Structures are given as C-alpha cells and as structure tokens.
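Structural overview for review
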Amino acid sequence: MPRSPFRTRRPRTLAAVTAATLATALAVLSAPTPALAWGPGTEPAQPYAQPSMPTVPKRGCQSTVANPAAPTGATPAVQVIYAWHDGVGNNYEANVEYIAKVVDRIDWALDESTNYDQHYNFSCRTGYDTSTYAGYARALVVPEKIDAGANPNTPASTVRSDLISAGYQDSNRIYLVFTDFASNSDAYQCPTGGNSSGVHCSAVTESWTTGVAGHELLHVLGAGHAWMAETGASYVPDIMYGWWDNWNTDPGFRSYYDPSELSASFYIDPSPSTAKVNVANHPMLTAPVCCDVGANNDLLTAEQRTVEAATPGSSTSTFTTSGGWHQVTPACGISTNSCTYFDGRRSVQLNTYTGPSNTSSISLTNRATVTAGRTYKLFTRLRSGTAVNTQLQLAWYNSAGTLLSTSTGATDTLASNWLEYRTTATAPANAASVRITVNVPPQSTTGNQAINLDSLQLNDCTANTGGTCRYDT
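Criteria and thresholds
- Residues numbered from 1 in each chain as written.
- Predicted model: local features only at pLDDT ≥ 70, side-chain atom pairs only at ≥ 80, totals over all residues.
- Heavy atoms only, no water.
- Helix = DSSP H or I, 4+ residues; strand = E, 2+ residues; numbered from the N terminus.
- Buried < 20%, exposed > 50% of the residue type's maximum accessible area, 1.4 Å probe, protein only.
- Pairing = 2+ DSSP bridges.
- Disulfide = S-S within 2.5 Å.
- Axes fitted to C-alpha atoms, helices over the stretch in contact; angles between N-to-C directions.
- Arc of directions from axis to C-beta.
- Contact = heavy atoms within 4.5 Å.
- Core = buried A, V, L, I, M, F, W, Y, C linked by side-chain atoms within 4.5 Å.
- Salt bridge = Lys/Arg side-chain N within 4 Å of Asp/Glu carboxyl O.
- 1 Å grid on protein atoms, 1.4 Å probe; cavity = no way out; pocket = protein on both sides within 12 Å on 5 of 7 lines; lining within 4 Å.
- Points joined across faces, edges and corners; volume = space filled by probe spheres on them.
- Phe/Tyr/Trp six-rings, centres within 6.5 Å; stacked < 30°, edge-to-face > 60°.
- Lys NZ or Arg CZ within 6 Å of the ring centre and 35° of its normal.
- Nonpolar A, V, L, I, M, F, W, Y, C, P; charged D, E, K, R; others polar.
- Parallel < 35°, antiparallel > 145°, perpendicular 65-115°, else oblique.

**Notes on unusual backbone geometry**
Excluding glycine, most residues fall at negative phi; most peptide bonds, likewise, are trans. Residue proline 47 is bonded to the preceding glutamine 46 through a cis peptide linkage, with omega at 10 degrees. Mapped onto the elements of the fold, proline 47 is located in the loop between β2 (39-40) and β3 (63-65). Residue asparagine 151 is joined to proline 152 through a cis peptide bond whose omega torsion reads 5 degrees. With respect to the helices and strands, the residue proline 152 is situated in the loop between β7 (141-145) and α4 (156-165). Backbone geometry at asparagine 430 places phi at a positive 75 degrees, although glycine is not the residue there. Checked against the element boundaries, asparagine 430 lands in the loop between β25 (419-426) and β26 (433-440).

This is how it looks when you write it as structure tokens:
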C-alpha cells in the first residue's frame, strides 16, 4: 500500500524563466505561454547541461495498446497523460510535443545518472505513425478531461479520482500526469510495481520540467526525499531534493538507486522508519546493463559506501586500521543504529592516539580496480568531536600488488558535523588497483581521538560523460 502522497513545492513560476530560454524552447516545440504558473519551467542543469529540447534522445514506445485506460499485455509501463478541464480549455495539440520532450528528458536523465544503460518503459496508443516525432508524441501522451476540475486550483486528489473513474488503474501501469491548470505536484509510492488492490499509482505535476516531473515519477517507483545524517537533513544535489538545479539520480549511490548492485537496498526515510528500496529493480524500468557513459561511475560496493552489515560497536572486516583501532560507531538510544551517521543507520569510528610523533590511518581492506592514466576522485564524509587533522590518500598498486606511489590530498581539520571531503588524482603508469585511506598525520595536540567515517565513493572521472566527476556537495 502506498504511503501518504509526497508533496513537492512548486519551483519558480514561468515568470522567473528567462525570456530568451523560454522563447527558444517554445519556438522549437510550439508550446503556448501559460497564463499562470503551470506548464514549461526552468530545466535543471547539474551536474552538466542537458541536451537542448530538439536534440534530446527520443525514448520511444515499449508497449502499444489500443485503449490506454484498459491496456492488454503484461509489459509494465508508464502511461503519460495530459489533463485539462473547461476552466482553461483543451490545449493538447499545442502542448503534446513539448510534454513528450520533457518525458524524453526524464528518461535521458535517469540513463545519464550512471554508467549503466537503464530506461523507463513507456506505453503508447495505436493509430499513430511513431516514426515521426509528431506521431510519437500523440501516441505517447494521452489527453483526458478532468470533469471535476475548476479554477483557481484543482487538487491532485481530484485529478486522480477523475482518472480512476475513467479506468486508469491498471495493475501493469503507473501514470505520469501533466496538468494544464493550477494544481499541486505530488506522488503516490508504489515501489514493487503498478496498481494493486485498487490503489492508484501516479505522479501529478503542474510543472512541465525534468526536475519536478522526474522527481515525482521517482517517488512513485519508491524513492523518498534524499536525506542525510541522523537528523534527516536534506541532501540537495539530487533530483529527489534539489530538483530545481539537479536532474541526476542518487549521485552518491547510497540513498535509493544503484543499478550497479541490485542486491543492495537503502533506507529511504530517517529512523525509526525501516523502509528500504533500490529503485533500479523496479519493473517499470529496463534491466540495467553495464557499461554506458553518464554522470557517475562509482567503483565501491554498497557496504564500502555505507557500513550496514555489522552491528554498532562491533568490528568490520571492510576496513583495516594502522596505529589505532576501529569499530562500527557504537549505538546510543536505538540499539541497531550508530549514535551518529551520515546516511543509512551506521558509520565507522577510528579510535586513535594523536600527538607530534604519532600517525594512524583507516583504509578500505579491498582495493578497487583502476586503469593507468585515468583520473579518480575520492569522496567521504568525516566528523570528529575535536579538531583533528586528516588527509585523504589514494595508494596505487600494480597487478602484482606492489605499491607504486601514494597521492595525498590536502590536510583538513575536521568539524563536529558531517562535512564532505574529497581529493582527485591520476593513476600512474602500470597502476592496476588503489587503496583508499583516511590518514591522521602527526598533530600538535596529544590525546585520544575518535573520528567518524561514512559515505565513501570513488568516482572514475575519465569514464564519465565529458570527464566530469560527481557534482560536489
């Protein structure tokens, strides 16, 4: 059963879009200028700009049916709907190609978020020549009148009720609804498939953008609002929170989506919720296939990124320590959760004695495979109750396991809250693997120190589109 519908605040209204940008988009696709806040809006551009509207790849139809309200066949798919009512009128012909391009962008954004080829399945209706874009758009986007709709605002709940009455509640469908009138944008979550037990699985949006419409559609597939830390603070560089700037999906691979490791799943809400999901498994998506090019090529496993397999206070073989000792950060309050963590429920704690002549470190036990000459970027979240200096290190090894060289990042003084640190280096000649280390160099102060470590990621920058590494937080 779904939870209560997710609510998304409306992004900037049409008036905030630059005239030049909007004029270009409308000239290409002939979408009208809405009188109010619904319709075309500002497109997100992080971690890099999307293709222009005319050149965004066409997704196409994976299921074709005669009647979208009563589809036949077993292929799970997303049905796109243009919703209108008498208060604004039926502007389907003027808007249909623009909406289809937004849908194409949503699919492009999912695929480009990783180096895995993965796409949405979309349902189309028969009777159109889909070899032309005009025909494809009209096959993809189905117009439906919302009889109960009225100005100045029609709630998404009213839109859903009207569509259910029209038959849009098939077990092999979820629905992406673009309203051509003022409404709220929200979604009902259906993480394991389409409609069941009469539940209507749908995303409704008045904002015709990749960011908002893609955000709501991912909610239906099971994604929550991307969050961080035991406080449940928002994680903005992600379509599931920062939809106004960011189209990329789970850039840290530790919140709700990981096509590289389908056996992994992630907590989608702060504690005490135990809901977990990996959207990459959803039947509305194609099976992920490596290797493509995209915004993110991470080389670590879920357990290396977010330490969840070992209980708080215990040791973990995922990490190796020198000059100190480590444990899964102990619990305080909830026995299954570490006292402090960035995501998931647990983090790792390095316990060390610092001083002018003392050094210590914590490393991932297993070394990731690398390619000589490629650029790599290490990310991690660190915190400490005291001002401890640390360095991120990438140690390069050849195929025989011989250390070639070590790349050491800047010396950073840790704070008491979770901050992200990162360092970038190029794998030297003959490099075949890399050891990831957080190093604690000699300190001017002496004493026992505890450093918390969480949310690691190793990005293969060279393999990403344009050689761009994951967008920094």
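**Regarding the pairing of strand β27 (residues 447-460)**
With respect to burial, β27 is a largely interior element, 12 of its 14 residues being buried. Across seven bridges, strand β19 (residues 348-354) lies against β27 in antiparallel orientation. When the sheet's bridge partners are listed, glutamine 349 is paired in β27 with asparagine 452. Where strand β22 (residues 375-384) lies against β27, eight bridges are found, and the strand directions are antiparallel. Looking at the pairing, arginine 383 lines up with asparagine 452 of β27.

**Focus on the state of the cysteines**
Across all of its chains, the model carries five disulfides by this definition. The disulfide bridge from cysteine 61 ends at cysteine 124, spanning 2.0 Å between sulfur atoms. Between cysteine 61 and cysteine 124, the S-S torsion sits near -75 degrees, and that sign places the bridge as left-handed. Of this pair, cysteine 61 sits in the loop between β2 and β3 while cysteine 124 sits in strand β6 (residues 123-125), and the two are 63 residues apart along the sequence. What makes cysteine 61 partly exposed here is its relative accessible area of 27%.

**Thoughts on the sheet that holds strand β18 (residues 324-328)**
With antiparallel pairing, the five strands of this open sheet are ordered in space as β18-β19-β27-β22-β25. The open sheet terminates on both sides in strands that have one partner only, identified here as β18 and β25. Here the average twist between neighbouring strands, direction ignored, is 30 degrees.

**What about α4?**
Among the residues of α4, Ala156, Val159, Arg160, Asp162 and Leu163 are the ones counted as buried. Taken end-on, α4 shows its buried residues confined to a sector of 165 degrees, consistent with a single buried face. For α4, the elements touching its buried residues are β4 (77-84), β7, β8 (173-179), β9 (185-187) and β10 (202-205). Of the residues flanking the end of α4, it is glycine 167, one or two places downstream, whose phi is positive at about 105 degrees.

**Observations concerning the nonpolar core**
Core analysis: the largest hydrophobic core is formed by 54 residues, its most contacted members being Tyr120, Leu140, Val141, Leu176, Phe178, Tyr256 and Val279. At the level of elements, β4, α2 (92-112), α3 (133-140), β8 and α5 (210-221) are the ones that each hand at least two residues to this core. With nine residues, α2 is the largest single contributor of residues to this core. In this structure, Leu364, Leu378, Leu382 and Trp396 belong to the second largest nonpolar core, which totals 31 residues.

**Details of the pattern of salt bridges**
Inspection of every chain in the model, using the stated rule, returns 12 salt bridges. Counted as one network, the salt bridges with shared partners bring together Glu93, Glu97 and Arg138.

**Here we look at the layout of surface pockets**
Space inside the second largest pocket adds up to approximately 160 Å³. In this structure, the second largest pocket is lined by Arg254, Ala264, Ser265, Phe266, Tyr267, Lys276, Ala302, Glu303, Thr306, Glu308 and Gly344. Contributions of two or more residues to the lining of the second largest pocket are made by β14 (266-267) and α6 (302-305).

**Things to note about the packing of aromatic side chains**
What the rule picks out here adds up to nine aromatic pairs. Arranged with centres 5.3 Å apart and planes meeting at 75 degrees, the rings of tyrosine 48 and tryptophan 247 form a pair that is edge-to-face. One end of the pair, tyrosine 48, is in the loop between β2 and β3; the other, tryptophan 247, is in the loop between β13 (233-234) and β14, with 199 residues separating them in the sequence. Grouping residues by exposure puts tyrosine 48 and tryptophan 247 together as buried. Both rings, one in tyrosine 168 and one in tyrosine 175, keep their centres 5.6 Å apart while their planes meet at 85 degrees; by these two values the pair is edge-to-face. Accessibility classification places tyrosine 168 together with tyrosine 175 in one group, the buried group. Taken together, the ring pairs in this structure connect Tyr48, Trp108 and Trp247 into an aromatic cluster. Sitting above the plane of the tyrosine 267 ring, lysine 276 keeps its charged end 4.8 Å from the centroid.

**Considering empty space enclosed by the protein**
Per the counting criterion, the structure on display carries three cavities of 30 Å³ or more. Every residue lining the second largest cavity is listed: Ile106, Ala109, Leu110, Tyr120, Gly214, Leu218, Ile239, Trp247 and Thr249. Looking at the lining of the second largest cavity, the elements with two or more residues in it are α2 and α5. The element best represented in the lining of the second largest cavity is α2, accounting for three residues. Split into classes, the residues belonging to the lining of the second largest cavity amount to seven nonpolar, two polar and no charged.

**Side note on the packing of α2 against α3**
Where α2 contacts α3, the axes come no closer than 9 Å and their chain directions differ by 85 degrees. By the angle class used here, α2 and α3 are roughly perpendicular. Residues Tyr92, Glu93, Val96, Glu97, Ala100, Lys101, Val103 and Asp104 of α2 form the contact with α3, whose participating residues are Tyr133, Ala134, Tyr136, Ala137, Arg138 and Leu140. Among the residues forming the contact of α2 with α3, the class breakdown is nine nonpolar, no polar and five charged.

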